[in-house]
Amino acid sequence: VSTQALALPDDRDQPIRIEADEALRDEKQGFTRYEGNVKMDQGSLHIEADQITVYHDEQQADRILARGKPAKLQQQPALDKAPVKARAEIIEYHKAEDRVQLRQNAHIEQDGSIVTGDSIDYFIAEQLVKADSDKATEGNRVQVVIPATTIREEETASGTPASD
């Protein structure tokens, strides 16, 4: 049985399970910080990081901040879609917006297509990826790699002959 059995838009309604070497809960500040080989699962959403901080609004976790070298995320956006795999030094999950923000050496991949940049926003429900580069650093650009097989499949589906 796969650990990412069904990852779908209802992931955010599933319980969060976390394993770590140590944990610190601060009720006054409203967060719990997990450190050391941290693994978090919520439905099909899986995150691995050196440190994960869960910020709670009352009893609900409304924001999750993962840090690592890199931190890694994987999620199944829909039953008929390939898993999304992402990594960055900072991964921030905003539950209310159903949005994941990747910062610093951000990389996201699905179906062989790869997007890299300084900052990537992944909107889970819309399956939308928005990437930005650090415009202050010369030569820093967003990069996208689309596999040739994907381009051929799109051309065939649209009726345009695929060129070899």
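Everything that follows concerns the structure shown earlier in this document.
Rules behind the numbers
Residues numbered from 1 in each chain as written. Predicted model: local features only at pLDDT ≥ 70, side-chain atom pairs only at ≥ 80, totals over all residues. Heavy atoms only, no water. Core = buried A, V, L, I, M, F, W, Y, C linked by side-chain atoms within 4.5 Å. Buried < 20%, exposed > 50% of the residue type's maximum accessible area, 1.4 Å probe, protein only. Helix = DSSP H or I, 4+ residues; strand = E, 2+ residues; numbered from the N terminus. Contact = heavy atoms within 4.5 Å. Phe/Tyr/Trp six-rings, centres within 6.5 Å; stacked < 30°, edge-to-face > 60°. Lys NZ or Arg CZ within 6 Å of the ring centre and 35° of its normal. Polar contact = N/O pair within 3.5 Å; in protein donor to acceptor, adjacent residues only side chain to side chain. Salt bridge = Lys/Arg side-chain N within 4 Å of Asp/Glu carboxyl O.

Undergrad: For this particular structure, what's the right way to read the nonpolar core?
TA: Nonpolar side chains tend to gather and get buried jointly when the protein is soluble and globular. Among the nonpolar cores identified, the biggest contains 26 residues, and Ile52, Ala66, Leu73, Ile91, Val100, Leu102 and Ile108 are the most heavily contacted of them. Among the secondary structure elements, those contributing two or more residues to this core are β3 (31-42), β4 (45-57), β5 (60-75), β6 (84-94), β7 (99-110) and β8 (113-123). Once you skip the residues sitting within four places of it in the chain, Leu102 turns out to touch Ala86, Ala88, Ile90, Ile91, His107, Ile108, Asp118, Ser119 and Ile120.

Undergrad: What is the right way to look at the packing of aromatic side chains in this model?
TA: When we look at a pair of aromatic rings, we describe it by the centre distance and by the angle of the planes. Applying the stated rule across the entire model yields one aromatic pair. Geometrically, the ring pair formed by Phe31 and Tyr55 is tilted, given 6.1 Å between the ring centres and 50° between the ring planes. With Phe31 in strand β3 and Tyr55 in strand β4, this pair connects stretches of sequence that are 24 residues apart. Since its relative accessible area comes to 22%, Tyr55 is described here as partly exposed. The ring of Tyr55 has Arg63 sitting right over it, with the charged end atom 4.0 Å from the ring centre.

Undergrad: What am I meant to see in the side chain of Glu92 here?
TA: Along the chain, the position of Glu92 falls in strand β6. Classification of Glu92 as buried rests on a relative accessible area of 7%. At a separation of 2.5 Å, a polar atom in the side chain of Glu92 contacts the side chain of Arg63. In this structure the side chain of Glu92 is engaged in a polar contact, spanning 2.7 Å, whose partner is the side chain of Arg103.

Undergrad: Looking at this model, I keep getting lost on the environment of Lys130. Mind explaining?
TA: With respect to the helices and strands, Lys130 occurs in strand β9 (residues 128-132). Judged by its relative accessible area of 44%, Lys130 is partly exposed. Taking the C-alpha atoms as reference, Lys130 lies 5.6 Å from Ile120; in sequence the two are ten residues apart. The contact partners of Lys130, leaving out residues within four places of it in the chain, are Ser119, Ile120 and Asp121. One polar contact links Lys130 to Asp132, side chain to side chain, over a distance of 3.3 Å.

Undergrad: Can you help me understand the pattern of salt bridges in this one?
TA: Between side chains of opposite charge, a pair can form as their charged atoms come close. All chains considered together, the criterion is met by seven salt bridges. A salt bridge links Arg99 to Glu97; the shortest N-O distance between them is 2.7 Å. Salt bridges here are not isolated pairs; linked through shared partners, they connect Arg63, Glu92 and Arg103.

Undergrad: Is there a simple way to think about unusual backbone geometry in this case?
TA: Leaving glycine aside, a negative phi is the common case for residues, and trans is the common case for peptide bonds. The peptide bond linking Lys69 to Pro70 adopts the cis configuration, its omega dihedral lying at 0°. Position of Pro70 among the secondary structure elements: in strand β5. Phi is positive for Gln104, which is not a glycine, with a value near 70°. Structurally, Gln104 is set in strand β7.

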